[in-house]
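Listed below, chain by chain, are the residues.
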Amino acid sequence: MSEPLGVAVLGAGHMGADHVRRLARTAGARVAAVADPDTGRAEQAAAGLDGVRVHAEALAALHQPDVRAVLVASPDATHEEALLAAVARGLPVLCEKPLAPDPGAALRVVEAEARAGRALIQVGFMRRYDTAYRRLKALLDADELGRSLMLHCRHRNVSSPPHFTSSMLISSSVSHEIDAARWLLGQEITAVTVARPRPSSGAPAGLLDPQLVLFETDGGVLVDVEVFVNCGFGYEVTCEAVCERGTARVGDEPAMVVRSKGGARREIAQDYLVRFADAYDREVRAWVRAARAGRTAGPGAWDGYAAAAVAEAGVRALDSGERVTVELAERP
Ligand SMILES: NC(=O)C1=CN([C@@H]2O[C@H](COP(=O)(O)OP(=O)(O)OC[C@H]3O[C@@H](n4cnc5c(N)ncnc54)[C@H](O)[C@@H]3O)[C@@H](O)[C@H]2O)C=CC1
Ligand SMILES: O=C1[C@@H](O)[C@H](O)[C@@H](O)[C@H](O)[C@H]1O
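Residues numbered from 1 in each chain as written. Chains lettered and ligands numbered in written order. Predicted model: local features only at pLDDT ≥ 70, side-chain atom pairs only at ≥ 80, totals over all residues.

## A closer look at the overall build of the chain
Which entries qualify depends on this criterion: Secondary structure is summarised from DSSP: a helix means a run of H or I of at least four residues, a strand means a run of E of at least two, and numbering begins at the N terminus for each. To get the radius of gyration, use the C-alpha atoms; to get the globule rule, take the number of residues to the power 0.38 and multiply by 2.2 Å. Residue burial here comes from a neighbour count, namely the number of other C-beta atoms, placed from the backbone, that lie within 10 Å of the residue's own C-beta, with 20 or more meaning buried, 12 or fewer meaning exposed, and in between meaning partly exposed. Distance between backbone-placed C-beta atoms decides contact: two residues are in contact if it is within 7 Å.
Secondary structure summary: the chain contains 10 helices and 15 strands in total. Taken against the 2.2 N^0.38 rule, which gives 20 Å for 332 residues, the C-alpha radius of gyration of the chain at 20 Å falls within 12% of a compact globule. Its C-alpha atoms give the chain principal-axis dimensions of roughly 60 × 55 × 45 Å. Residues counted as buried form 45% of the 332 residues belonging to the chain. Restricting to contacts in the chain with at least 6 residues of sequence separation, those with at least 24 account for 69%.

## Topic: the domain arrangement of the chain
Here is the rule we go by: An automatic or database domain assignment is the source of the domain bounds shown. Each residue gets one label: Ala, Val, Leu, Ile, Met, Phe, Trp, Tyr, Cys and Pro are nonpolar, Asp, Glu, Lys and Arg are charged, and the others, such as Gly, are polar.
Assigned domains of the chain: these are domain 1 (5–126 + 278–299) and domain 2 (135–274 + 309–325). Relative to domain 2, the C-alpha centre of domain 1 lies at a distance of 26 Å. In this complex, domain 1 contributes 8 residues to the contact, which on the side of domain 2 involves 9 residues. Across the side of domain 1 that touches domain 2, the residue classes break down as 5 nonpolar, no polar and 3 charged.

## Here we look at the packing of helix H5 (residues 103–116) against helix H10 (residues 301–320)
Selection rule: An axis is simply a line fitted to the C-alpha atoms; with a helix, the fit covers only the stretch in contact. Between two such axes, the angle follows the N-to-C directions and lies from 0 to 180 degrees. Orientation labels follow simple angle bins: below 35 degrees gives roughly parallel, above 145 gives roughly antiparallel, 65 to 115 gives roughly perpendicular, and whatever is left gives oblique. Note: crossing handedness is left-handed where the near helix turns anticlockwise from the far helix by less than a right angle, and right-handed where it turns clockwise.
The interhelical angle for the contact between H5 and H10, taken along N-to-C directions, is 165°, at an axis separation of 8 Å. The angle between H5 and H10 places the two elements in the roughly antiparallel class. Seen from above, H5 lies across H10 with left-handed handedness. Between H5, through Pro-103, Ala-106, Leu-107, Val-109, Val-110 and Glu-113, and H10, the contact on the second element is made entirely by Ala-301, Trp-302, Gly-304, Tyr-305, Ala-308, Ala-309 and Glu-312. For the contact of H5 with H10, the per-class residue count stands at 10 nonpolar, 1 polar and 2 charged.

## Re the site of ligand 1
The condition that has to hold: The C-beta atom of each residue is placed using the backbone, and any residue whose C-beta lies within 6 Å of a molecule or strand is treated as near it.
Around ligand 1 sit 24 residues, and of these Gly-11, Gly-13, Met-15, Ala-58 and Glu-96 come closest. With 3 residues, the single largest contributor to the shell around ligand 1 is helix H1 (residues 14–24).

## What to know about the UniProt feature "domain: Gfo/Idh/MocA-like oxidoreductase N-terminal" (unreviewed entry) in the chain
Formally: UniProt positions are given in the numbering used here, feature names are shortened, and annotations may be inferred rather than shown by experiment.
UniProt tags residues 6–124 as "domain: Gfo/Idh/MocA-like oxidoreductase N-terminal" (unreviewed entry). Segment residues 6–124 splits into 40% helix and 21% strand. End C-alpha atoms: 19 Å apart.

## Let's talk about the sheet that holds strand E1 (residues 5–10)
Test applied: In this description, strands pair whenever DSSP reports at least two bridges between them.
Pairing in this open sheet of 6 strands is parallel, and the strands run E3-E2-E1-E4-E5-E6 from one edge to the other. Every interior strand has two partners, whereas the edge strands, strand E3 (53–55) and strand E6 (121–123), have only one. For this sheet, the mean inter-axis angle between neighbouring strands, taken without regard to orientation, is 25°. Bridge count between strand E5 (residues 93–95) and E6: 3 bridges; the pairing is parallel.

## Examining the site of ligand 2
Around ligand 2 sit Lys-97, Asn-157, Ser-172, Ser-173, His-176, Val-229 and Tyr-272, and that is every residue in its neighbourhood. With 3 residues, helix H7 (residues 168–185) is the largest single contributor of residues to the shell around ligand 2.

## Observations concerning the nonpolar core
As a reminder of what qualifies: In this description, a nonpolar core means buried residues of the types Ala, Val, Leu, Ile, Met, Phe, Trp, Tyr and Cys, linked to one another by C-beta atoms lying within 7 Å.
Counting residues in each nonpolar core, the largest one holds 100 residues, and the members touching the most others are Val-7, Ala-8 and Val-34. Here this core takes 13 residues from H10, the largest share from any one element. When residues of this core are assigned to domains, at least three fall in each of domain 1 (5–126 + 278–299) and domain 2 (135–274 + 309–325). Ignoring any residue separated from it by four or fewer positions in sequence, one finds Val-34 in contact with Val-9, Ala-12, Val-20, Ala-42, Ala-45, Ala-46, Val-52 and Val-54.

## Some thoughts on the UniProt feature "domain: GFO/IDH/MocA-like oxidoreductase" (unreviewed entry) in the chain
The feature "domain: GFO/IDH/MocA-like oxidoreductase" (unreviewed entry), as given by UniProt, occupies residues 133–248 in the numbering adopted here. Across residues 133–248 one finds 24% helix and 35% strand; the C-alpha atoms that close the span lie 11 Å apart.

## Considering the environment of Glu-322
When you line up the elements, Glu-322 lands in the loop between H10 and strand E15 (324–325). Between the alpha carbons of Glu-322 and Arg-127 there is a distance of 29 Å; along the sequence they are 195 residues apart.

## Here's the deal with the sheet that holds strand E9 (residues 211–217)
Here 7 strands make up an open sheet; going across it, the order is E12-E11-E7-E10-E9-E8-E15 and the pairing mixed. Edge positions in the open sheet fall to strand E12 (246–250) and E15, since each of these has one partner strand only. Alignment of strand E7 (residues 148–156) against strand E11 (residues 236–243), held across 8 bridges, turns out to be antiparallel. Residue pairing in the sheet places Arg-156 in a bridge with Glu-236 of E11. Relative to E12, helix H6 (residues 131–142) is tilted by about 160°, and along the sheet it contacts E7, E11 and E12. Relative to E7, H7 is tilted by about 150°, and along the sheet it contacts E7, strand E8 (189–195), E9, strand E10 (222–228) and E11.

## Observations regarding H6
Cut-off, in case you're wondering: To estimate the expected span of a helix, count its residues, drop one, and scale the result by 1.5 Å. This arc corresponds to the set of directions leading from the helix axis out to the C-beta atoms.
Across its 12 residues, H6 extends 16 Å between first and last C-alpha, which sits within 8% of the 16 Å expected from 1.5 Å per residue. Looking only at H6, the buried set comprises Tyr-133, Leu-136, Lys-137 and Leu-140. Along H6, the residues classed as buried sweep out an arc of 100° about the axis, all on the same side. Turned more than 90 degrees from where H6 packs its buried face, Thr-131, Arg-135, Ala-138 and Ala-142 sit exposed. Of the surrounding elements, those touching the buried residues of H6 are E7, H7, E11 and E12. Positive phi appears at Asp-143, one or two residues downstream of H6, with a value of about 70°.

Okay, here's the thing in structure tokens:
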């Protein structure tokens, strides 16, 4: 394909607007449409770009003749409808995580893609494109430290958005650790337990924040995740692999170290758009390249389904206080 890939961006909120700016500077791509029921937001995201049509209705954007690919950045509950419509039209899709908010919806998407007969979907688990995570993956794959035994993960946000629920600490935030653990270890997660301390007084009333999530894998590895989405001080995502002959840890790099009279301070990024800016850039570049070549790259629909199934087990573990096993469907 010689002309740039015309992309429809569905949803022009935090992620959608950021992806519009990113696509506008990505070689081989152009933003052809932005759809958001809040058309003011869509127009703002498209401001300054040539040839972008704004739609109030997401699915209308998919019928625009110059739209050749779709980037889904609308709320989680709207992903399934957008994905099924894109797959029905044979359009490659980069869908922000989670693929769908529950495993039933995610499996319907997997099945629709299987019926279409070719892979069309990439899920926005951008950590797979982060330099530090890639180095950790390469180290574990090289087997230099021996077999992995445990992963210790931390996922802290300054504050959570108003719509955030206690379940979303797992289904939205920890979904990244679920994918990262499956990818780093090359193993499936088989059981989940969730413990929680008293809620932080810095969290909105009723929100169970923080939580401590423990995953077991089919390879006998334990993965613990501290998730704390109203920590107040910064955006911190770390992962330490404990292996038989050593450990390796990523995510401690400060945004900046400032030295001034009498001391030094380490600055911490305040949100994911800053911490993972390079990862999102690489993710979108890889997706555009693959879509132009008629392929997909990175985590696919099945990875999105597996993450949704583990997250659903995690939410049941949170509600029940019990250890919950993960049941994965037969892969189509
Ligand atoms: N990969 C990552 O690190 C992150 C991923 N996300 C994911 O990105 C997606 C969007 O999240 P945010 O941008 O934070 O949300 P947001 O609330 O800032 O923006 C969502 C936008 O979608 C619009 N919208 C609602 N229904 C729509 C529909 N049917 N079609 C098109 N647009 C619709 C809303 O009007 C709003 O402008 C979510 O799935 C979220 O889980 C969010 C934050 C970070
Ligand atoms: O995907 C994301 C958000 O939806 C989620 O709410 C945050 O906790 C994550 O850090 C961010 O990467």
